[in-house]
Amino acid sequence: AVVSTQSTGFVDHKHKFAYCSVPKAACTEWKQIILKSSGIPKYKDEEISTIFPHYDSEFHRLSDLSSIFNAGRVMNDYYLFTFVRDPLVRIVSAWRDKFQHHSRENRTDYLNFHHRHGRRILKKFRKAGYTAEDYDRGFPITFQEYIDYITSFKNPEDMDEHWRPISLLCRPCHFDLDFIGQFEKQKEESQFLIQYLQIQDFVPKGFFREATSASRIEALRLMKDLPLSQRKILSNIYKDDALLFGYDLETYLLLEAPT
């Protein structure tokens, strides 16, 4: 049970806490904080908001600990937390970020993403065909193509972490969380955590912004254009997230189906 969560668990041994990372739910900000608060020398004088935390080898992870026993000790003795988000708003955010942002298409991590997933999506789900240039870029991908891809997985465990259900990333039944924050309340709840963990010296005021309703409005608009049958599949994929973290997916099923 410990092993399944090790790769998503980031540890600050100095302040004795561990964070289970959920992409598209304030994970960039919390990883930036951990790289500062855990005392990694190369980030000592760097402005927190300029740190690029993804793929950073300096992190202390649960998976780096020498034994299951040591990982278990951290999970027992340290303060463990995560942040979650409305599952369908989260997957819309992942699509917008990974498959729509032209300004990022030449960044290495986005190139890898487009080549790994975008090309596969084009090949399998672009019914109107595609050019050699489209395939080379692997981007942009329409929302319908993206959802066709997500709903094609027989086993959600095989999904990329950006749209894999949160319950499969952090496994709350095994990862004994002390606190589960909601992205929708990130400003208020992050402020509580920062004070509780005594890491306020590393986090400038206003670092976490108030979440707006814009993302949910966009999710409702996009989901409305999907066939009801596909919305039911999505609801089934993310039903455990909804149940465990208090989100209502019924609203998406009740949207008027396209004619």
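None of the values given here were measured: they were computed from a predicted structure. Residue indices begin from 1 for each chain and proceed along its sequence in written order. Owing to the predicted nature of the model, reporting of local features is limited to residues with pLDDT of at least 70; listing and counting of side-chain atom pairs is limited to 80 or more, with chain, interface and lining totals taken over all residues. Remark: hydrogens and water are excluded; side-chain values derive from all non-hydrogen atoms of the structure.

Student: I'm lost on helix α9 (residues 186–196) in this one. Help?
Tutor: Since the α-helix turns once every 3.6 residues, residues separated by three or four places project in the same direction. Considered for burial, the residues of α9 that qualify are Gln186, Glu189, Ser190, Leu193 and Ile194. One face of α9 carries all of its buried residues, which in axial projection span an arc of 140°. Contact definition: two residues touch when any of their heavy atoms are within 4.5 Å. The helix count covers DSSP runs of H or I at least four residues long, the strand count covers runs of E at least two residues long, and both are numbered beginning at the N terminus. Buried residues along α9 sit against α2 (27–37), β4 (79–84) and β5 (179–182). In the segment just after α9, glutamine 198 is the residue with positive phi, at about 60°. Residue burial is assigned from relative accessible area. The probe radius is 1.4 Å, only protein chains are included, and a residue is buried under 20% of its type maximum, exposed over 50%, and partly exposed in between. What the arc describes is the spread of directions from the helix axis to the C-beta atoms.

Student: Which parts of the structure should I look at to understand the confidence of the model for the protein?
Tutor: Detailed reading of the predicted model is not advised wherever pLDDT is low. Each residue carries a pLDDT score, the predictor's own confidence in it, on a scale running from 0 to 100. When pLDDT is averaged along the protein, the result is 89, and 92% of the positions lie at 70 or above. Averaged pLDDT values for the elements of the protein fall to 44 in helix α1 (residues 3–6) and rise to 98 in helix α7 (residues 143–150). Across residues 1–6, confidence stays below pLDDT 50; counting only partners more than four residues off in sequence or on other chains, it has 16 contacts.

Student: I keep staring at the pattern of salt bridges and nothing clicks. Help me out?
Tutor: Pairing of side chains with opposite charge becomes possible as their charged atoms draw close. What counts as a salt bridge is simple: a side-chain nitrogen of Lys or Arg found within 4 Å of a carboxyl oxygen of Asp or Glu. According to the stated counting rule, one finds eleven salt bridges in the structure shown. Salt-bridge contacts for lysine 127 lead to aspartate 148; the nearest nitrogen and oxygen are separated by 3.7 Å. Of the two residues, lysine 127 is situated in the loop between α5 (108–125) and α6 (132–137) and aspartate 148 in helix α7; the sequence distance between them amounts to 21 residues. For lysine 127, a relative accessible area of 73% gives the class exposed. For aspartate 148, a relative accessible area of 11% puts it in the buried group. Between arginine 221 and glutamate 218 there is a salt bridge, with the nearest N and O atoms lying 3.9 Å from each other. Note that arginine 221 and glutamate 218 are positioned in helix α10 (residues 214–224) at a spacing of three residues, about one turn of the helix. The network of salt bridges with common partners includes Lys24, Asp97 and Lys98.

Student: Just checking my understanding: could you explain the nonpolar core for this structure?
Tutor: In a soluble, globular protein the nonpolar side chains are often hidden away together inside. Think of a nonpolar core as a cluster: buried Ala, Val, Leu, Ile, Met, Phe, Trp, Tyr and Cys residues, connected wherever their side-chain atoms sit within 4.5 Å. With 48 residues, the main nonpolar core has Ile91, Tyr146, Ile150, Trp163, Met223 and Tyr238 as its most contacted residues. Once residues within four sequence positions are removed from consideration, isoleucine 150 is found in contact with Ile91, Met159, Trp163, Leu234, Ile237 and Tyr238. Listed in part, the 26 residues of the second largest apolar core include Tyr79, Phe81, Phe179 and Phe183.

Student: What is the right way to look at the pairing of strand β1 (residues 9–12) in this model?
Tutor: Looking down a regular strand, the side chains alternate between one sheet face and the other. Because side chains alternate across β1, one face comprises the buried residues Gly9 and Val11, and the other comprises Phe10 and Asp12, equally buried. Paired strands, in this sense, are two strands between which DSSP finds at least two bridges. With four bridges connecting them, β1 and strand β2 (residues 17–20) associate as antiparallel partners. Looking at the pairing, phenylalanine 10 lines up with tyrosine 19 of β2. Connecting β1 to the next strand, β2, in antiparallel fashion are four residues, including lysine 16 with a positive phi near 55°. In the sheet, β1 pairs with strand β3 (residues 60–61) via two bridges, with the strands oriented antiparallel. Following the sheet pairing, phenylalanine 10 is matched in β3 by arginine 61.

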